[in-house]
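# Architecture at a glance
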Amino acid sequence: MREYLLTLCITAAVTYLLTGPVRKFAIVAGAMPEIRARDVHREPTPRLGGIAMFFGLCAGLLVADHLANLDKVFESSNEPRALLSGAALIWLIGVLDDKFEIDALIKLGGQMIAAGVMVMQGLTILWLPIPGVGTVSLTQWQGTLLTVALVVITINAVNFVDGLDGLAAGMVCIAAAAFFLYAYRIWYGYGIEAAAPATLFAAILMGMCLGFLPHNMHPARIFMGDSGSMLIGLVLAAGAISMTGQIDPDALKLNLGGSTRDTTHAMLPVFIPLVMPLTIIAIPFADLVLAIVRRTWNGQSPFAADRGHLHHRLLEIGHSHSRAVLIMYFWSGLIAFGAVAYSVHSASGMWVVLTIVALSFVGLVLLLLPRFTPHAPRWAEHLVPPRYRRRRRTAVAEEPYEATEQGDDEPERTPIPAGVNGATAIGARSRFTDRRKAGSSR
């Protein structure tokens, strides 16, 4: 565990330290596209954050290769090299798209080529454990097609959900944490060496996201762009592919005796690799399917951009930017860790996972309460941000108005309606064109 934590910390540190210089490079290189109609941010923000994340990935793999307990992964498996090759290709395509905005079909072709490169180097699905049937061996073509499909779907699902500050990086980090717990338990608890690469991939992926998040939280100073979203989507898919089909039921030493219910429960660790990839991308995949159906229904191309994603709908119903991101976080945690809980049989492990699931559920419920406003006790107000302090109202705030010129007469003031960007889940909030009219001291 210490080696994995060291790898995670090195990856996070390199990503964090490089993001600042990468931001300056993106500004100089002109990787700051104009604000589009579907964008939520209001100022041009540099992209190319995936550059720092890619070098964080390289640093994590390099450190793991020199650690005593992790160098065996590189000696016994070619999967880390396959991941690095596919990641370099997809990262290069993303950098070109962030700068020149290449065609969507070209990106799709690049994603398939990157998946094919990983397949050629051994990172592929060899067989599938199917409930009620057993382990089914796949032919070379079947394994290749299934691997490419999983990589392409995961990359685009993560890319679709990258619409708010810190959303994609946080959701992928939560999913990677859940996958790390499952993979580490299979590797360390059952002694399955085939689970070691997937465990390493999950730890590195968490480091990439954690190192980038401080720069990407609202208001974001830099976006990861397609160079980052496609990269973390590929690493996420690589971990699922490495784990899927690599577990031998005999090696797990399962107790398959007793009733059918007991047998099914005992076989859950074998079937979880089929479920985990789906739970990891459950929210992004649902958003992807809904986007394709919505655009096709409206006579548009499935690759046409719009403002109908799940995070856009959360903003439209009145949630603030930060609250919408937190809601998506808790949904991801609830689904991902809930799936892991089904595969845990030991009492100690079950309590840990169930505690995370319970906290995710409570946090989600509190965020969805429309009029819940947390406040810190008065004795602790100096320890929390101003938004959580109780304020005494000395005067009634003036209703916000917008001035419209009426010649030389007194400007006519008309109320400004609270729009999408000016509303929150706890009440309407208008944007003031003139802060002095709103009684602001700024």
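The following refers to the structure shown. All figures in this text were calculated on a predicted structure; none of them were measured in a lab. Throughout, residues of each chain are indexed from 1 in the direction in which the sequence is written. Residues qualify for local features only when their pLDDT is at least 70, as the model is predicted, and side-chain atom pairs are given and counted only at 80 or more; totals for whole chains, interfaces and linings, by contrast, use all residues. As a rule here, side-chain values come from all non-hydrogen atoms in the structure, and water together with hydrogens is ignored.

## Describing the pattern of salt bridges
Here, a salt bridge means any side-chain nitrogen of Lys or Arg that lies within 4 Å of a carboxyl oxygen of Asp or Glu. Counted under the stated rule, the structure contains two salt bridges. Across the salt bridge formed by Asp226 and Lys107, the nearest N and O atoms sit 2.8 Å from each other. Residue Asp226 is found in helix α9 (residues 225-243), and its partner Lys107 is found in helix α5 (residues 104-120); the two are separated by 119 residues along the sequence. What makes Asp226 buried here is its relative accessible area of 11%. Among the ionic contacts, a cluster of salt bridges with common partners joins Asp97, Lys107 and Asp226. Segments assigned H or I by DSSP are reported as helices when at least four residues long, segments assigned E as strands when at least two residues long, and all are numbered from the N terminus. Relative accessible area decides the class of each residue, using a 1.4 Å probe on protein chains only: under 20% of the type maximum gives buried, over 50% gives exposed, and in between gives partly exposed.

## Section: the packing of helix α8 (residues 196-216) against α9
Under this scheme, a helix contributes an axis fitted over its contacting stretch, all axes are lines through C-alpha atoms, and angles between N-to-C directions fall in the 0 to 180 degree range. Remark: α8 packs on α9, axes separated minimally by 8 Å, with the N-to-C direction vectors making an angle of 160°. In terms of orientation, α8 lies roughly antiparallel with respect to α9. In this structure, α8 meets α9 at a crossing whose hand is left-handed. Only Leu231, Ile232, Val235, Leu236, Ala238, Gly239, Ser242 and Met243 of α9 make contact with α8, whose side of the interface consists of Pro197, Ala198, Phe201, Leu205, Met208 and Cys209. Looking at the contact of α8 with α9, its residues break down into 12 nonpolar, two polar and no charged. Oblique is the label for any angle not covered by the other classes, which are roughly parallel (under 35 degrees), roughly antiparallel (over 145) and roughly perpendicular (65 to 115). In this scheme, a crossing is called left-handed if the near helix is turned counterclockwise away from the far one by less than a right angle; it is called right-handed if the turn is clockwise. Two residues qualify as a contact provided that any one of their heavy atoms is within 4.5 Å of a heavy atom in the partner residue. Residue polarity is assigned by list, with Asp, Glu, Lys and Arg as charged and Ala, Val, Leu, Ile, Met, Phe, Trp, Tyr, Cys and Pro as nonpolar; anything else, Gly included, falls into the polar class.

## A closer look at the side chain of Asp165
Mapped onto the secondary structure, Asp165 falls in the loop between α6 (140-161) and α7 (167-189). Polar contact is the term for a pair of N or O atoms within 3.5 Å; when the atoms are in protein, one must be able to donate a hydrogen and the other to accept it, and sequence-neighboring residues count only if both atoms are side-chain atoms. Reaching out from Asp165, the side chain makes a polar contact with the backbone nitrogen of Ala220 at a distance of 3.1 Å. Ignoring any residue separated from it by four or fewer positions in sequence, one finds Asp165 in contact with Asn216, Met217, His218, Pro219, Ala220, Phe223, His321 and Val325.

## Things to note about unusual backbone geometry
Of note, the phi angle at Leu48 is positive, near 65°, even though the residue is not glycine. Along the polypeptide, Leu48 turns up in the loop between α1 (2-29) and α2 (50-65).

Keep in mind these values describe shape, not function.
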